[in-house]
Amino acid sequence: MYTPLTAGTVADYVRNSPVADHIFKQNDELTVVDLSEGGNVNLIFRVHSTEDANRSVLVKQALPYARRYPDGMMPLERARIEHDLLALEEKYCPGLTPKVFHYDSVMHVNLMEDLNQHLNMRIGLSRGIVYPKFGQDVGRFLAHTLFYTSDIYLPSAEKKAMVMRFINPVMCKVTEHLFFNEPCKPHPNNRWTTPQLDEQVKAIYANRALHGEMLIMKEKFMTQAQALVHGDFHTGSVLLNPEDTRFIDPEFAFYGPIAFDVGSMLGNLIIGHAAQEAYQPDPDKRAAYRSWIIETIGTIWTTFDSEFRRLWAKDGDKEEWKSPHFQDHYMAELFTDTLGYAAAEIFRRTIGMAWVDDFTGIDNPNERAKSEALALKTAETWLLNRREIKTIQQALTIVSNTPI
Ligand SMILES: Nc1ncnc2c1ncn2[C@@H]1O[C@H](COP(=O)(O)OP(=O)(O)OP(=O)(O)O)[C@@H](O)[C@H]1O
Ligand SMILES: [Mg+2]
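In this report, we go over the structure that sits alongside the text. Since the model is a prediction, treat every value here as computed from it, not as a measurement.

**Side note on the pattern of salt bridges**
According to the stated counting rule, one finds 34 salt bridges in the structure shown. For Lys60, the salt bridge goes to Glu82, with nearest N and O atoms at 3.2 Å. Here Glu82 lies in helix H3 (residues 78-92) and Lys60 lies in strand E3 (residues 56-61), a separation of 22 residues in the sequence. As far as the burial class goes, Lys60 and Glu82 line up, both buried. Taking the shortest distance from any N to any O, the salt bridge between Asp232 and Arg348 comes out at 3.8 Å.

Below is the structure:
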């Protein structure tokens, strides 16, 4: 029977699970750490041997609602989707996700590798840590997981069966509202750093072209079953250290636009870039760290683009999809849409409901508003001019030249 785990029950649950003998010694006493506050949605516990904290497992259990917003019902089924996608990601791009040891379909629990040597990337960005492998890891991960679940690779019927297996309507509905409907017009869920951002928000609310462009992105999100996307691919879904990158939390996965994942990550890096205004007081160090973020965004796109094209040549259906003209069109459209989805991500994280630690961690409201204003300017420019921006270098020049 399904029952939510507690700090008092989870150790026994783990001890009686099929993975216990593989992880712990027979007489291990177990210590429980509740990590649920690190996210908004699920119950999360670390259970480790009291004697050696490296003998450990991460327990993630879905609740029938979002933990921080108990009024918002969410399907338990998302735990199965998370499990299945983590398994597929490991298949198509090994070593960049936590290993899943066991899925319990009654308790809606995933038991997975505890990444206790890794840091959430939002924290890493706020501390100015350089991650040399991150850009290439993101580009490669996106190219592999998205190419091998797209129509360019999968036979038509197989792909359609995958669409059914990963149908995720309630989670999609959350995104449809939080990304595309709420942030750019008056809505009770919206909040921002007042009064410093009042004028900028007023201008966004009054901009009809901007609303129209957001709906163009929304309609594509709802109709373009292009590949199996992660659905929540932001810097808070990355646990890493300079040597090792892992992507977690694909509970929003569904068949959607490839550019949604790419754009979500780029948007969050723009947020990390903007937030340096407050995190790094030394102007030289700030400029150097910002250059690394900009370079990383460039690496993500160029790695993704070249790797996706390489897989297309190697494993794409050669007869059905062979056309350099079509491929160039496909990749160019992905780029344009990536800028649009990055913008939507920045809006929802800045003036919508889904605030992020990058900004909320800045105590001084003037500094916070300055950082947020910077990110918002990039979002507006990318969204409204995305069809004219042809290269990632052009897009990044806009970021570097935006006056603070
Ligand atoms: N495999 C793991 N190893 C170590 N820590 C983890 C692991 N998975 C999650 N965590 C910790 O729990 C936090 C929240 O995880 P996750 O994002 O999966 O939760 P969530 O409930 O889906 O929240 P949200 O969707 O709001 O991000 C992470 O930031 C990390 O600190
Ligand atoms: Mg989540």
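**Things to note about the nonpolar core**
Counting residues in hydrophobic clusters, the biggest one holds 94 residues, and the most contacted among them are Met121, Phe134, Ile258, Leu269, Phe304, Phe308 and Phe347. Broken down by element, the residue count for this core peaks at 12 residues, all from helix H10 (residues 258-279). Filtering out sequence-adjacent residues up to four positions away, Phe308 remains in contact with Ala143, Leu146, Phe147, Ile258, Tyr330 and Met331. Ranked by size, the runner-up nonpolar core spans 18 residues in total, among them Ile23, Phe45, Val47 and Leu63.

**A word on the pairing of strand E5 (residues 69-73)**
Pairing of strand E4 (residues 65-66) with E5 involves 2 bridges; the strand directions are antiparallel. Within E5, the position partnered with Ala66 by the bridge is Tyr69. Where E4 folds back onto E5 in an antiparallel hairpin, the turn is made up of 2 residues.

**Comments concerning the coordination of the magnesium ion (ligand 2)**
Coordination of the magnesium ion (ligand 2) by the protein comes from Asp249 (OD), Asp249 (OD) and Glu251 (OE), over a distance range of 1.9 to 2.5 Å. Note on accessibility: Asp249 and Glu251 belong to one class, buried.

What counts, and where the lines are drawn
- Residues numbered from 1 in each chain as written.
- Chains lettered and ligands numbered in written order.
- Predicted model: local features only at pLDDT ≥ 70, side-chain atom pairs only at ≥ 80, totals over all residues.
- Heavy atoms only, no water.
- Salt bridge = Lys/Arg side-chain N within 4 Å of Asp/Glu carboxyl O.
- Helix = DSSP H or I, 4+ residues; strand = E, 2+ residues; numbered from the N terminus.
- Buried < 20%, exposed > 50% of the residue type's maximum accessible area, 1.4 Å probe, protein only.
- Core = buried A, V, L, I, M, F, W, Y, C linked by side-chain atoms within 4.5 Å.
- Contact = heavy atoms within 4.5 Å.
- Pairing = 2+ DSSP bridges.
- Donors = N, O, S within 2.8 Å, 3.2 Å for Na, K, Ca; no water.

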